[in-house]
Amino acid sequence: MPDPRSEQVLAFDFGTRRIGVAFGQQLLGTARPVTMLPARDGIPDWNLITRLLDEWRPQRLVVGLPLNMDGSENDMCARARKFGKRLHGRYHLPVEMVDERLTSFEAKGEVMAEQGSRDFGRHGVDDLAAVLILETWFNQQTDRAPD
């Protein structure tokens, strides 16, 4: 059985217009942006996702859960969970949800600091948000690891 710490993971920042994707390896604990997929009312082109999974060959998928600041769920949480269930149903890989409350805000701050741009419609941050989601998940795994 392979060491779970060496798992390759794809993370998704679910959105109704775009879905950000990031890739990382748990052993390194770092992630990098892959792409932003177009979505129509939250529905992606599943062929594009299939191609990504064929190319990156992840052993696990992580989906951001956009909780309210008080930790309660909202309509987007239900949609993100549904997306996660569809990923699992189509690709039979483990899917984990991770709290992403501040990732888009943080990603926008990074873009503004690097590029000075505030046009997030044209220059989306969804792939950077997916990086932050995946790094959050990696950190949670490290926190849970036995010494």
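## Brief notes about the pattern of salt bridges
Scanning the entire structure with this criterion turns up 5 salt bridges. Across the pair aspartate 126 and arginine 18 runs a salt bridge whose closest N-O atoms are separated by 2.6 Å. Taken together, the residues aspartate 126 in helix 4 (residues 126-144) and arginine 18 in strand 2 (residues 18-25) connect sequence positions 108 residues apart. Via salt bridges that share partners, Glu7, Arg60 and Glu96 belong to a single interconnected network.

## Comments concerning the packing of aromatic side chains
Within this structure, the stated rule accounts for 6 aromatic pairs. Relative to phenylalanine 83, the ring of phenylalanine 12 has its centre 5.6 Å away and its plane inclined at 75 degrees; by these criteria the two rings are edge-to-face. In this pair, phenylalanine 12 sits in strand 1 (residues 8-13) while phenylalanine 83 sits in helix 2 (residues 75-91), placing the two residues 71 residues apart along the sequence. Seen from their ring centres, phenylalanine 23 and tryptophan 56 are 4.6 Å apart, and the 35 degrees between their planes marks the pair as tilted. Here the residue phenylalanine 23 occupies a position in strand 2, and tryptophan 56 occupies one in helix 1 (residues 46-56), the gap between them amounting to 33 residues. According to the relative accessible area criterion, phenylalanine 23 is buried, its value standing at 10%. Through a chain of ring-to-ring contacts, the aromatic side chains of Phe12, Phe14, Trp46, Phe83 and Tyr91 assemble into a single cluster.

The rules behind these values
Sequence order as written defines residue numbering, which begins from 1 separately in each chain. Whole-chain, interface and lining totals are the exception, using all residues; otherwise, since this is a predicted model, local features are given only for residues with pLDDT of at least 70 and side-chain atom pairs are given and counted only at 80 or more. The side-chain quantities take in all heavy atoms of the structure and omit both hydrogens and water. What counts as a salt bridge is simple: a side-chain nitrogen of Lys or Arg found within 4 Å of a carboxyl oxygen of Asp or Glu. Comment: elements are numbered from the N terminus, with helices defined as DSSP H or I runs of at least four residues and strands as E runs of at least two. Any pair of Phe, Tyr and Trp rings, taking the six-membered ring for Trp, is counted once the centres come within 6.5 Å. Such a pair is stacked with planes under 30 degrees apart, edge-to-face with planes over 60 apart, and tilted for the rest. Only protein chains enter the accessibility calculation, which uses a 1.4 Å probe. A residue is then buried if its area is under 20% of the maximum for its type, exposed if over 50%, and partly exposed in between.

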